Amino acid sequence: MAAATSEAIETEHLTKVYKDFWGRDKVRALDDLTLTIHRGEVFGLLGPNGSGKSTTIKLLLGLIFPTRGSARILGQPAGSTAINEKIGFLPEESYLYRFLNGEEILKFYGRLFKIDRRTLNKRVPELLDIVGLDAKARKRKLREYSKGMARRIGLAQALINNPELILLDEPTTGLDPIGTREMKDLILSLKEQGKTVLLCSHLLADVQDVCDRITILFRGKMQTLGAVKDLLQVKDVTNIETRGMSEGQIKQLQLNLSGMGVNDTKITHPTTSLEDLFMRIVRENTGNGDGKTTAYTGSPEAK
Ligand code: ADP
Ligand code: MG
């Protein structure tokens, strides 16, 4: 058994070189990744397409083998079957049984994990609620699912075994802004339950505000690692935020600053992100004055 004190994920010099048909080196997809992900963290493995994110996940799951280096997951070597039941995985593309409906596919995967019928009958509707698939969607065949619905059922599938560690490969791909927000809220609620989440994404802006720490991969190499707020902080710039200043007061402030010898100043009004603007419009149009819709549960000031 994995000791509860082990790290969630530890890799050492993890490297993957894909070979071509003749066994010659072809692509160095992951190059010397040494990384520790702590339990209870939401960790983002970010970077453009082709930077080695999915390769990392496949190595962690033991679906492919490293050319060099090693990985441990919940204290066990990557790929050991003893920990499979503690891991949930949302692949980049879910190949789902097209002729089953949402409810059936979850029951199918639940049975693979040998979850008993009573527990499943309770857990399946709960999960469908959590991922926001309504009664109609549940009875629909998966081949009729939109990309966003497929991501949702894929996530429910990844959670069927109530895993400790959840690996999400491109969780927001195909989701609209509301769906993205909901996915982020879901990830945060998993964190609140004490779970560890490793997510991969090339959509940096989508996920930056749910990750405790991130690393950016580029061409298989780790470029940077740290807490999002530290990485995004521009240390040599200071912002002062206030409300209700008149134009006269702003002029006065500028003069005062210049009196202090601070000359290179820019006093502006803040802008919002397009996502927040969109969410505000949706909120206003659903006439929900308290700032809440079923879709929008994030704090209004969250970026
Ligand atoms: P990401 O998930 O960041 O988009 P991947 O890990 O899927 O990146 O791919 C990293 C690199 O490895 C890419 O150049 C990709 O083309 C290559 N690659 C991925 N899988 C294979 C494979 N099975 N055989 C050969 N090359 C591969
Ligand atoms: Mg990928």
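Reference entry: report on the structure contained in this document. (Residues numbered from 1 in each chain as written. Chains lettered and ligands numbered in written order. Predicted model: local features only at pLDDT ≥ 70, side-chain atom pairs only at ≥ 80, totals over all residues. Heavy atoms only, no water.)

## So, the sheet that holds strand S6 (residues 87–90)
Working step 1: Strand order in the open sheet formed by six strands is S6-S7-S8-S3-S9-S10, and the pairing between neighbours is mixed. Two strands lie at the open edges of the sheet, namely S6 and strand S10 (221–227), each paired on one side alone. In this sheet, adjacent strand axes meet at a mean angle of 15° when their direction is disregarded.
Working step 2: Sheet analysis places strand S3 (residues 42–46) next to strand S8 (residues 196–201), joined by five bridges and oriented parallel. For Leu45, the partnering residue across the bridge sits in S8 and is Cys200. (Pairing = 2+ DSSP bridges. Helix = DSSP H or I, 4+ residues; strand = E, 2+ residues; numbered from the N terminus. Axes fitted to C-alpha atoms, helices over the stretch in contact; angles between N-to-C directions.)

## Description of the environment of Gly23
Working step 1: By the element assignment, Gly23 lies in the loop between strand S1 (9–19) and strand S2 (25–37).
Working step 2: Judged by relative accessible area, Gly23 falls into the partly exposed class, the value being 44%.
Working step 3: When the C-alpha atoms of Gly23 and Lys141 are compared, they prove to be 42 Å apart, with 118 residues separating the residues in sequence. (Buried < 20%, exposed > 50% of the residue type's maximum accessible area, 1.4 Å probe, protein only.)

## Details of the nonpolar core
Working step 1: In terms of nonpolar packing, the biggest core is built from 38 residues, with Leu106, Ile153 and Leu199 touching the most fellow members.
Working step 2: Broken down by secondary-structure element, the contributors of at least two residues to this core are S3, helix H2 (102–112), helix H3 (117–130), helix H5 (147–158), strand S7 (165–169), helix H6 (177–192) and S8.
Working step 3: With five residues, the single largest contributor to this core is H5.
Working step 4: The contact partners of Leu199, leaving out residues within four places of it in the chain, are Val42, Phe43, Gly44, Leu45, Leu46, Leu168, Pro171, Ile187, Val207, Val210 and Cys211.
Working step 5: Among the nonpolar cores identified, the runner-up in size contains 23 residues, and Ile9, Leu33, Ile37 and Leu198 belong to it. (Core = buried A, V, L, I, M, F, W, Y, C linked by side-chain atoms within 4.5 Å. Contact = heavy atoms within 4.5 Å.)

## Quick word on the pattern of salt bridges
Working step 1: One pass over the full model with this rule turns up 14 salt bridges.
Working step 2: Across the salt bridge formed by Lys139 and Glu103, the nearest N and O atoms sit 3.0 Å from each other. In this pair, Lys139 sits in the loop between helix H4 (135–138) and H5 while Glu103 sits in helix H2, placing the two residues 36 residues apart along the sequence.
Working step 3: When its relative accessible area of 54% is taken as the criterion, Lys139 is described as exposed.
Working step 4: Between Asp209 and Lys184 there is a salt bridge; the shortest N-O distance is 3.2 Å. Linking Asp209 in the loop between helix H7 (204–207) and strand S9 (213–218) with Lys184 in helix H6, this pair joins segments that are 25 residues apart in sequence.
Working step 5: Exposure remark for Asp209: the relative accessible area of 33% places this residue in the partly exposed category. (Salt bridge = Lys/Arg side-chain N within 4 Å of Asp/Glu carboxyl O.)

## Brief notes about the packing of H6 against helix H10 (residues 274–285)
Working step 1: Remark: H6 packs on H10, axes separated minimally by 10 Å, with the N-to-C direction vectors making an angle of 100°. With respect to H10, the axis of H6 lies roughly perpendicular. Contacts between H6 and H10 pair Pro177, Ile178, Arg181 and Lys184 from the former with Glu275, Asp276, Phe278, Met279 and Val282 from the latter.
Working step 2: For the contact of H6 with H10, the per-class residue count stands at five nonpolar, no polar and four charged. (Parallel < 35°, antiparallel > 145°, perpendicular 65-115°, else oblique. Nonpolar A, V, L, I, M, F, W, Y, C, P; charged D, E, K, R; others polar.)

## Here's the deal with the layout of surface pockets
Gaps between atoms show up when a probe of the same size as a water molecule is rolled over them.
Working step 1: Roughly 430 Å³ of volume is contained in the second largest pocket.
Working step 2: Lining the second largest pocket are 19 residues, and of these Ile87, Gly88, Phe89, Phe113 and Gln157 sit closest to its centre.
Working step 3: Of all the secondary-structure elements, those providing two or more residues to the lining of the second largest pocket are helix H1 (53–61), S6, H2 and H5.
Working step 4: With three residues, S6 is the single largest residue contributor to the lining of the second largest pocket.
Working step 5: The class makeup of the residues in the lining of the second largest pocket is 13 nonpolar, six polar and no charged. (1 Å grid on protein atoms, 1.4 Å probe; cavity = no way out; pocket = protein on both sides within 12 Å on 5 of 7 lines; lining within 4 Å. Points joined across faces, edges and corners; volume = space filled by probe spheres on them.)

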